[in-house]
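# Breakdown of the fold
Here's the letter readout for the chains.
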Amino acid sequence: MTTPLPELSGEAQNLALRLPAPKMKKAKEHGFSDFQIATIFQTGEATVRELRTHYGVVSVFKTVDTCAAEFDASTPYHYSTYDEENESVRSDRKKVIILGGGPNRIGQGIEFDYCCVQAVFALREAGYETIMVNCNPETVSTDYDIADKLYFEPLTFEDVIRIIEHEQPLGVIVSFGGQTPLKLSTKLDKAGVNILGTSSDGIDLAEDRKRFGALLEKLDIPHPDYGTATTFAEAQEITRRIGYPVLVRPSYVLGGRAMKIIYSDDSLKEYVDQALFITEKYPLLIDRFLETAVEFDIDAIADRTDCVISGIMQHVEAAGIHSGDSTSILPYYNIDPAAIATMKEHTRKLAEHIGVVGLMNVQYAVQNGKVYVIEVNPRASRTVPFVGKATAIPVVKIATRVMLGEKLSDLRREFDLKDCDELGLKHMAIKEPVFPFSKFVKSGVYLGPEMRSTGEAMSLAESFPEAFAKAYQAANMHLPLSGTVFISVNEQDKNQRILNVARELYRMDFDLVATTGTHAFLTENGIECKKVFKVGEEGRPNIFDIIKLGKVDFVINTPRGEKALHDEEAIGSASVQSGVPFVTTVEAAEASVRAIDCTRCQPFGVKSLQEYAKYREQ
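Since the model is a prediction, treat every value here as computed from it, not as a measurement.

Summing up its helical and strand segments, the protein has 23 helices and 23 strands in all. Evaluated residue by residue, the protein yields a buried proportion of 55% over its 618 residues. Counting only carbon and sulfur atoms, one obtains 50% of the accessible surface of the protein, whose full area is about 27400 Å².

Once that is clear, we can look at unusual backbone geometry. Cis geometry is found at the peptide bond from Tyr 244 to Pro 245, where omega equals -5°. Examined against the element boundaries, Pro 245 turns out to sit in the loop between α11 (232–242) and β9 (246–250). Following Leu 330, the chain continues to Pro 331 via a peptide bond in cis, the omega torsion being 0°. Note on placement: Pro 331 falls in the loop between β14 (328–330) and α13 (337–354). At Asp 416, a position not held by glycine, the phi torsion is positive, near 50°. Structurally, Asp 416 can be placed in the loop between α16 (408–415) and β17 (428–434).

Reading across from one edge, β8-β11-β9-β10 is the order of the four strands in this open sheet, with antiparallel pairing throughout. Each edge of the open sheet carries a strand with a single partner, namely β8 (226–229) and β10 (260–262). Between one strand axis and the next, the sheet turns through 25° on average, direction left out of account. The pairing of β8 with strand β11 (residues 284–288) spans four bridges and is antiparallel.

Before going further, it helps to spend a moment on the sheet that holds strand β2 (residues 77–81). Reading across the sheet, the seven strands line up as β1-β2-β5-β4-β3-β6-β7 and stay open at both edges, with mixed pairing between neighbours. Whereas interior strands pair on both sides, the edge strands pair on one side only; in this sheet they are β1 (60–64) and β7 (195–196). With four bridges joining them, strand β4 (residues 129–134) and strand β5 (residues 149–152) adopt parallel strand pairing. Across the sheet, the residue bridging to Asn 134 is Phe 152, located in β5.

Quick look at the side chain of Lys 149 now. Position of Lys 149 among the secondary structure elements: in strand β5. Accessibility expressed as a relative area gives 6% for Lys 149, which makes it buried. At 3.2 Å, the side chain of Lys 149 and the side chain of Ser 88 are in polar contact. A polar side-chain atom of Lys 149 sits 2.8 Å from the main-chain carbonyl oxygen of Val 89. Beyond its immediate stretch of four places on either side in the chain, Lys 149 contacts Pro 76, His 78, Ser 88, Val 89, Arg 90, Glu 129, Thr 130, Ile 131, Met 132 and Glu 167.

Here Thr 400 shows up in helix α15 (residues 395–403). Those residues within four positions of Thr 400 in sequence are excluded, and the remaining contacts are Ala 119, Ala 122, Leu 123 and Phe 176.

Let's shift gears to the packing of aromatic side chains. To describe a pair of aromatic rings, one takes the distance between the centres and the angle between the planes. All chains considered together, the criterion is met by three aromatic pairs. Seen from their ring centres, Phe 464 and Phe 468 are 5.7 Å apart, and the 45° between their planes marks the pair as tilted. Linking Phe 464 with Phe 468, this pair stays in helix α17 (residues 464–474), spanning four residues, or about one helical turn. Relative accessible area serves as the criterion here: at 6%, Phe 464 is assigned to the buried category. By relative accessible area, which is 1% here, Phe 468 ends up buried. The ring of Phe 232 is capped by Lys 269, whose NZ or CZ atom sits 5.8 Å from the centre of that ring.

If you look at the biggest cluster of nonpolar residues, it comprises 74 residues, and the most contacted ones within it are Phe 176, Leu 350, Tyr 364 and Val 373. Ignoring any residue separated from it by four or fewer positions in sequence, one finds Val 373 in contact with Phe 212, Leu 216, Ile 221, Pro 222, His 223, Pro 224, Leu 350, Val 362, Gln 363 and Tyr 364.

Now for the environment of Leu 150. Checked against the element boundaries, Leu 150 lands in strand β5. Accessibility expressed as a relative area gives 3% for Leu 150, which makes it buried. Each C-alpha atom of the pair Leu 150 and Asn 134 lies 7.7 Å from the other, and the pair is 16 residues apart in sequence. Those residues within four positions of Leu 150 in sequence are excluded, and the remaining contacts are Pro 76, Tyr 77, His 78, Met 132, Asn 134, Ser 141 and Thr 142.

Rules behind the numbers
- Residues numbered from 1 in each chain as written.
- Predicted model: local features only at pLDDT ≥ 70, side-chain atom pairs only at ≥ 80, totals over all residues.
- Heavy atoms only, no water.
- Helix = DSSP H or I, 4+ residues; strand = E, 2+ residues; numbered from the N terminus.
- Buried < 20%, exposed > 50% of the residue type's maximum accessible area, 1.4 Å probe, protein only.
- Areas by Shrake-Rupley, 256 points an atom, 1.4 Å probe, with all protein chains shown as cover.
- Pairing = 2+ DSSP bridges.
- Axes fitted to C-alpha atoms, helices over the stretch in contact; angles between N-to-C directions.
- Polar contact = N/O pair within 3.5 Å; in protein donor to acceptor, adjacent residues only side chain to side chain.
- Contact = heavy atoms within 4.5 Å.
- Phe/Tyr/Trp six-rings, centres within 6.5 Å; stacked < 30°, edge-to-face > 60°.
- Lys NZ or Arg CZ within 6 Å of the ring centre and 35° of its normal.
- Core = buried A, V, L, I, M, F, W, Y, C linked by side-chain atoms within 4.5 Å.

In structure tokens, the structure reads:
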């Protein structure tokens, strides 16, 4: 009879009967994670960790010699393995660990890596030894000469906690690497790790839809109607209450993955059936979709008692496009100042009640003058590098110092900090996404809540039209200065705004072609244009054909509803294959027309980023 192990929990003792120490060691040497072992033996990850620690089966760290043994490497990096000798030597300096963003893929921005690297510089300047944990060889943060120490490890609890146990840092920063390290905060906190910045409870408050919804109700901050569901029946009940269209997504998503706009019960059932897992812990989030709203991104730095609005970005695209895929303008334009004041007030309230220490990002939708909160992320956002460069303010450096315990009120004086709209910017900055559609033609080109871009370009100019034209050029989209423009807009967009766009194009001697409904609307209002068949209509050539034949130089197509989006895919795909620039909102069409007019009238000026930053000296 096996003698029980008194210092272990009951579950760990049961596991020990099935998994003795030699087998545990062999499993770890072969690369099995605690999570995988727990799944195999139908127990908890914590139980496996408890037993493994009891056995003394712990990883050691080996050093990758960056100097090829020619002389001592002063900036080595390490990887873990289940071997005998540990080559990572812990120093006696005060140290901070930064968790990176992990492997990058389409739909996850590299901007978080910028934040991690800037945080390393700020920590080093403040006298701390900086330790970077990341596992992406394509990033700057994993260059061996960036941090004092680099651990090339996966961003999992098992791997991170082992590094923390070995290095014994003063704290860990989880808010610069995006959603991946943020999800570790609760587990790390429970393990007694000091999380620098916003607490794990504050992070959970912003991420947990029920807790966050209760906070919004308490603060009387409007938000789109929403609900959470774990079954199709529950999801259907919510949609009946709030109405279609709805935005559905799993909780704790990365880069908007698996988010979709749903217009009917059939589409909702198809989505729920295809969902990988929906549980009580990870329910499906369902929000009322505001189809005609204008979206805003607001970045802020807070320290529980003070809050600076570091960036206010207006999206050119209508609500529903992932913020990483949106063309963002800083400072905002043609928006009611009262809406801006409301967003700033809401941001300060949210920062205070969530207990934000460091960076936060809030997304808003403004519809008919009313401001709605979409979501809050108590971490660095992918707009942070853009905001820092556009305003010439070291946003990450300031946030890092706040997370180390400095007062924002003191930093206000040191860096002359003000809200973004009070800085007195003398230029416009535009962030333009770059898409991989020409490489992945069959992936579909219609933008939605799931992020599709693989990069972004930034442009600066003293006027909005010039900045917008530069942004298009930087993203390798060349607006035509003459030729033919195709226009097809939904019923709601058949208004004065699209008439103004069409008149401006006609004034600049563009030929206009339009589908039946849009053709009738334009001709009724005295604008000359030719009629062309839709993709699904009988009769050739249709719009798809004439784009493929190179007879269209610019496409304006604003789909609405599921069928319209299907037609948009065909038009968008033809545009990408033919190298024709296209826009899918009236807002983008207006901006494009102004940019075309600007390009035709004047040559562009060029200045360095430092020259634009000189406004701070005045």
